[in-house]
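Overview (structure and organization)
Read off the chains here:
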Protein chains: 6
Amino acid sequence: MVYLTRIERFNAAHKLWVADWSVEKNQEVFGKCANKNWHGHNYKLHVTVKGKPDPQTGFVMDAKELSKVVKVEIIDKVDHMNLNLDVDFMPKGMQPTTENMLILFWKQLASKIEGAELHKLTLFETETIYAEYFGE
Amino acid sequence: MVYLTRIERFNAAHKLWVADWSVEKNQEVFGKCANKNWHGHNYKLHVTVKGKPDPQTGFVMDAKELSKVVKVEIIDKVDHMNLNLDVDFMPKGMQPTTENMLILFWKQLASKIEGAELHKLTLFETETIYAEYFGE
Amino acid sequence: MVYLTRIERFNAAHKLWVADWSVEKNQEVFGKCANKNWHGHNYKLHVTVKGKPDPQTGFVMDAKELSKVVKVEIIDKVDHMNLNLDVDFMPKGMQPTTENMLILFWKQLASKIEGAELHKLTLFETETIYAEYFGE
Amino acid sequence: MVYLTRIERFNAAHKLWVADWSVEKNQEVFGKCANKNWHGHNYKLHVTVKGKPDPQTGFVMDAKELSKVVKVEIIDKVDHMNLNLDVDFMPKGMQPTTENMLILFWKQLASKIEGAELHKLTLFETETIYAEYFGE
Amino acid sequence: MVYLTRIERFNAAHKLWVADWSVEKNQEVFGKCANKNWHGHNYKLHVTVKGKPDPQTGFVMDAKELSKVVKVEIIDKVDHMNLNLDVDFMPKGMQPTTENMLILFWKQLASKIEGAELHKLTLFETETIYAEYFGE
Amino acid sequence: MVYLTRIERFNAAHKLWVADWSVEKNQEVFGKCANKNWHGHNYKLHVTVKGKPDPQTGFVMDAKELSKVVKVEIIDKVDHMNLNLDVDFMPKGMQPTTENMLILFWKQLASKIEGAELHKLTLFETETIYAEYFGE
């Protein structure tokens, strides 16, 4: 079993805000991330698949194919977008935290990868914060 | 003459949009950067000052002092903000491009640095695009 | 289960030296790391916690809270310090290797994290050497 | 159990090409990687060993010793080489993909590491593609 | 005057070899870089243009346009290529060193950039070697 | 004229301390950098030389030769050392700041480089602080 990772990037706006809470409680819990006019990040997404290298090609999966699937299923839907407003697979009222984005990205992607199995997603929000998800 | 650089970071939302233009022209010129619901970046700012190292301290300028001035004059005003809407020193209708932000940052900062002279500002918008400004 | 990581940095001096050994044996085993007047590093620490994202906030844990605990329990005690001489949780005679620092950091931190569980610590000593520890 | 990683680099040429296939099929499957005159990469190899830190030295394994073994068994045989033509442990006709290189590197290295156990190899082919292998 | 930089990447094979010299002299001067079966690198190219930001768009030049020109004039001609054999603008017998590549890239690019002026090219051959050229 | 840069690294301990000042004044001016038991850094040094590429080799200067000179004149004298105590070219009482180290490194290196001219030295003390020196 070999694990193959492709890294993709996207730039997006978001804010963290619970509609049921007061302004004060939102600011207390989310701090600067609750700024009403949004803020944003350069996100970096690691997509890791696993499988046995093909005896002829030596590929677990063609990294260019992996890149294409990730682009269609995720990047095209979040790049230069507002994660709270513009993303069709974001449930209403769900916070676009790094953690939640990973779970949503997994649902988008897992069944679309052919010839290998999705193993892990890693999402960097900044250079000092990232999260990882293995599908459960 | 020695040049000393301090790197600071901030995360912000913005969009590129000329109010006098049609939606079509904005999209043609600015592409995905014209998304009406904003997008955002992790910005990285290099602040370079120049001077002669002090004979006793060996400092061109105390990097912690430099960091504080940059924080008060720039970072606190742009971090987790919307560059189009939330920044008091952004002239109305000015595009928050990397190039324009540098010119505005220079005006904010140049007269506030003591004991050394502001030499250059470098602003990374993404890992592959950055701009530099020397004050004129 | 989602894994959330926060990266923190500190700068410290140390040396590797076994008091019971001769100068020659110390130099043979530790090489340049045994320099009697110390040397130092810019350390980078990844702190990984695991948990289920909160349904309202979307957080496994507030990354700012995580950062504060790490700062109080670890960074404030090692940053700009001498790992052999200045660290109150360093047992006398223990070598401040990357491996041992991880085990000590784990003891400092594991019981202080609330709302999530410490999963892994990763410590980079240089750009080419790092160690990882899962608590056992 | 602590995991210790040493990162090494090498620069090499390669191409992906199945001799039994037509030129067209090779280009269709491997794209630009099938260029007949080769292309190349700056590879980055993470070698991770695991063990218990020695009570006196605090080392899972001396990182300098680890570096030397990796240099003799792998780096000296691939650095500034052609992975298809110059590598004595590359079976004839095997594709020098990131995935296959890892499996070959593991065979080269696993039995040569003393005092700790090889746990994982990670190979970056570019800044956006890497693979990992745990020996089975 | 603001300086705008776009970073592009390409992967290529090359070798350093003077046809008029003996094998021994080539190996003495170029060392491992003279390996007859080639080696290769992940190159990183910084393209810096200068100009006054446009009053409406805030652009010195559209970074996407800059990227396109660099792609057509340089990247498409060197990516996944052999710099000695495959590059139409490489004079016969010229060494594909980082220094020489920069001079050739400048000739390719300088007259093709519209609306701003090419100021500097920087080429990283590895993470520890790079060269810069200002056109003269 | 082409500029060629080679990056080298070293790890060292230091502290900032003016012997003529009180403990209080040292702590006020230098903060944590005045810790009596030292602290340390992973330094990264960029050495930039300039010249015309040789018509046959394509080299401004052989980067391996440049590396060797930098190693003998600088790295071997500061790596795994205490910058205040162990460096023979450090004048007594001089502060080992990034700025001062650059001036001392220039004196060490400038006359020893053959076939090209030393143009600039850049020294990173951390990932967020660096200084540059052009020899005057």
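Predicted, not measured: the structure shown is a model, and the values here were computed from it. (Residues numbered from 1 in each chain as written. Chains lettered and ligands numbered in written order. Predicted model: local features only at pLDDT ≥ 70, side-chain atom pairs only at ≥ 80, totals over all residues. Heavy atoms only, no water.)

Description of the overall build of chain A
The condition is simple: Strands are runs of DSSP state E lasting at least two residues, helices are runs of H or I lasting at least four, and both sets are numbered from the N terminus onward. For the area figures, the Shrake-Rupley method with a 1.4 Å probe applies, and any residue is considered shielded solely by the protein chains shown. Positive: Lys, Arg. Negative: Asp, Glu. His and the chain ends are not part of the count. Where a charge lies is defined by one atom per residue type, namely NZ (Lys), CZ (Arg), CG (Asp) and CD (Glu).
A tally of helices and strands in chain A yields three helices and five strands. Ordered by position from N to C terminus, the α and β elements of chain A give β-α-β-α-β-α-β-β. For the C-alpha atoms alone, the extent of chain A along its principal axes is close to 60 × 25 × 20 Å. When the accessible surface of chain A is summed, it comes to about 5700 Å², and 51% of that surface belongs to carbon and sulfur atoms. Here chain A holds 17 positive side-chain charges and 19 negative ones, and the gap between their average locations is 2 Å.

Examining the packing of helix α2 (residues 63-78) of chain E against helix α3 (residues 98-109) of chain E
Residues and elements named next belong to chain E. Rules: In this analysis an axis means a line fitted to C-alpha atoms, helices contributing only their contacting stretch, and an angle means the value between N-to-C directions, from 0 to 180 degrees. When describing relative orientation, an angle under 35 degrees is termed roughly parallel and one over 145 degrees roughly antiparallel, while 65 to 115 degrees is termed roughly perpendicular and anything else oblique. Note on convention: the crossing is left-handed when the near helix lies turned anticlockwise from the far helix by less than a right angle, right-handed when the turn is clockwise. Any two residues having at least one pair of non-hydrogen atoms within 4.5 Å are treated as being in contact. Three classes are used, and their members are as follows: Ala, Val, Leu, Ile, Met, Phe, Trp, Tyr, Cys and Pro are nonpolar, Asp, Glu, Lys and Arg are charged, and the others, Gly among them, are polar.
The N-to-C vectors of α2 and α3 enclose an angle of 140 degrees; their axes lie 9 Å apart at closest approach. Between α2 and α3, the crossing angle belongs to the class labelled oblique. As α2 packs across α3, the resulting crossing turns out to be right-handed. Along the contact surface, α2 presents V69, V70, E73, I74, K77 and V78, while α3 presents F105, Q108 and L109. Looking at the contact of α2 with α3, its residues break down into six nonpolar, one polar and two charged.

Considerations on the environment of L16 of chain B
The test is simple: The buried label goes to any residue with under 20% of its type's maximum accessible area, the exposed label to any with over 50%, and the partly exposed label to all in between, with areas taken from a 1.4 Å probe on protein chains only.
Looking at the secondary structure, you find L16 of chain B in the loop between β1 (2-14) and α1 (23-30). Taking the relative accessible area as the measure of exposure, L16 of chain B reaches 3% and is therefore buried. Expressed as a C-alpha distance, the spacing of L16 of chain B and L109 of chain B, which sit 93 residues apart in the sequence, is 24 Å. Discounting residues that sit within four places of it in the chain, L16 of chain B has contacts with N26, F30, C33, A34, Q95, P96 and T97 of chain B together with F59 of chain E.

Focus: the relation of the copies chain B and chain A
Counted only if it meets this: What sets the superposition is a least-squares fit of C-alpha atoms, and only residues with pLDDT of at least 70 in both copies go into it.
In the superposition of chain B on chain A (RMSD 0.0 Å, axial shift 0.0 Å), the rotation amounts to 180 degrees. Here the transformation between the copies is reduced to the relation of a two-fold axis. Both copies share a contact surface, since 100% of the interface residues of chain B are interface residues in chain A too.

What about the interface of chain D and chain C?
Here is the rule: Just to be clear on terms, a salt bridge is a Lys or Arg side-chain nitrogen sitting within 4 Å of an Asp or Glu carboxyl oxygen. Nitrogen and oxygen atoms within 3.5 Å of one another constitute a polar contact, given that in protein one can donate a hydrogen and the other can accept it, and given that sequence-neighbouring residues count only through two side-chain atoms. In this analysis, strands are considered paired if DSSP registers two or more bridges between them.
Across the boundary between the two partners, chain D contributes 20 residues, which contact 20 residues of chain C. At the boundary of chain D with chain C, the tally comes to zero salt bridges. Where chain D meets chain C, there are seven residue pairs in polar contact (both at pLDDT 80 or more). Ranked by the residues each element gives to the side of chain D that touches chain C, the list is headed by strand β1 (residues 2-14) of chain D, at seven residues. Here the residues of the side of chain D that touches chain C sort into 10 nonpolar, six polar and four charged. Pairing analysis gives five bridges linking strand β5 (residues 129-133) of chain C to β1 of chain D, with the strands arranged antiparallel. Residue pairing for β1 of chain D: I129 of chain C is matched across the bridge by R6 of chain D.

Describing the interface of chain B and chain A
The accessible area lost on association of the parts is a frequent measure of interface size. Under the convention used in this document: Buried area: the accessible area, evaluated with a 1.4 Å probe, that two parts lose upon being put together, summed over both parts.
On the side of chain A, 23 residues touch chain B, which itself brings 23 residues to the contact. When the area that chain B buries against chain A is broken down by residue, the three leading residues are N37, N42 and H80 of chain B, summing to 31%. Its salt-bridge partner being R9 of chain B, residue E127 of chain A comes within 2.9 Å of it at the nearest N-O pair. Where chain B touches chain A, the interface holds 21 residue pairs in polar contact (both at pLDDT 80 or more). At the level of secondary structure, the elements contributing two or more residues to the side of chain B that touches chain A comprise β1, β2 (39-51) and β3 (81-82) of chain B. Ranked by the residues each element gives to the side of chain B that touches chain A, the list is headed by β2 of chain B, at five residues. Grouping the amino acids of the side of chain B that touches chain A by side-chain chemistry returns six nonpolar, 10 polar and seven charged.

Here we look at the packing of aromatic side chains
Filter applied, for reference: In summary, the pairing rule links any two rings of Phe, Tyr or Trp, Trp by its six-membered ring, whose centres are within 6.5 Å, and it sorts them by plane angle into stacked for under 30 degrees, edge-to-face for over 60 and tilted for everything else. The criterion is that NZ of a Lys, or CZ of an Arg, lies within 6 Å of the ring centre and within 35 degrees of the ring normal, and then a charge sits over that ring.
For the coordinates displayed, the defined rule picks out 48 aromatic pairs over all chains. Ring centres of Y3 of chain B and F134 of chain F lie 5.6 Å apart, and the angle between their planes is 80 degrees; on these two criteria the pair is classed as edge-to-face. On the criterion of chain membership, the pair formed by Y3 of chain B in strand β1 and F134 of chain F in the segment after β5 (129-133) is interchain, its members lying in two chains. Among the aromatic residues, those joined into a cluster by ring pairs are F10, Y43, F89 and F105 of chain A. Between the NZ or CZ atom of K25 of chain A and the centre of the ring of W21 of chain A, over which it lies, the distance is 4.3 Å.

Here we look at the relation of the copies chain D and chain C
Expressed as a screw operation, the relation of chain D to chain C combines 0.0 Å of axial shift with a rotation of 120 degrees, fitting to an RMSD of 0.0 Å. Given the turn and translation reported, the copies of this chain are related as if by a three-fold rotation axis. Considering only C-alpha atoms, the part of chain D nearest the rotation axis is E127 of chain D, at 8.9 Å.

So, the pairing of strand β1 (residues 2-14) of chain C
Across a regular strand the side chains alternate sides, sitting on one face of the sheet and then on the other. All names here are of chain C. Of all the 13 residues making up β1, 12 are buried; the element is thus mostly covered by neighbouring parts of the structure. Pairing of β1 with strand β2 (residues 39-51), which is carried by 13 bridges, proceeds in the antiparallel orientation. Bridge assignment links T5 to a residue of β2, and that residue is T48. Note: β1 against strand β3 (residues 81-82), two bridges, orientation parallel. Directly across from A12, in β3, lies its bridge partner M81.

Let's talk about unusual backbone geometry
Even without glycine at this site, W38 of chain D takes up a positive phi of about 80 degrees. Secondary-structure assignment places W38 of chain D in the loop between α1 (23-30) and β2 (39-51).

Some thoughts on the pattern of salt bridges
This model, assessed by the stated rule, comprises 60 salt bridges over all chains. For the salt bridge of E8 of chain E with R6 of chain E, the shortest nitrogen-to-oxygen distance reads 3.0 Å. As far as burial versus exposure is concerned, E8 of chain E and R6 of chain E are alike and both buried. Residues K68 of chain F and E65 of chain F are paired through a salt bridge, measuring 3.4 Å at the closest nitrogen-oxygen approach. In this pair, K68 of chain F and E65 of chain F both sit in helix α2 (residues 63-78), three residues apart, roughly one turn of the helix. Relative accessible area serves as the criterion here: at 53%, K68 of chain F is assigned to the exposed category. A single salt-bridge network, built from bridges that share partners, covers R9 and K44 of chain A together with E127 of chain B.

With respect to the pairing of strand β4 (residues 117-124) of chain C
All names here are of chain C. Extensive coverage of β4 is indicated by the burial of seven of its eight residues. Where β2 lies against β4, seven bridges are found, and the strand directions are antiparallel. Each residue of the ladder has a partner; that of K50, found in β4, is E117. Looking at chain direction, β4 and β5 are connected through four bridges and run antiparallel. Following the sheet pairing, L123 is matched in β5 by A131. Taking the residues that link successive antiparallel strands as the turn, the β4-β5 hairpin has four residues.

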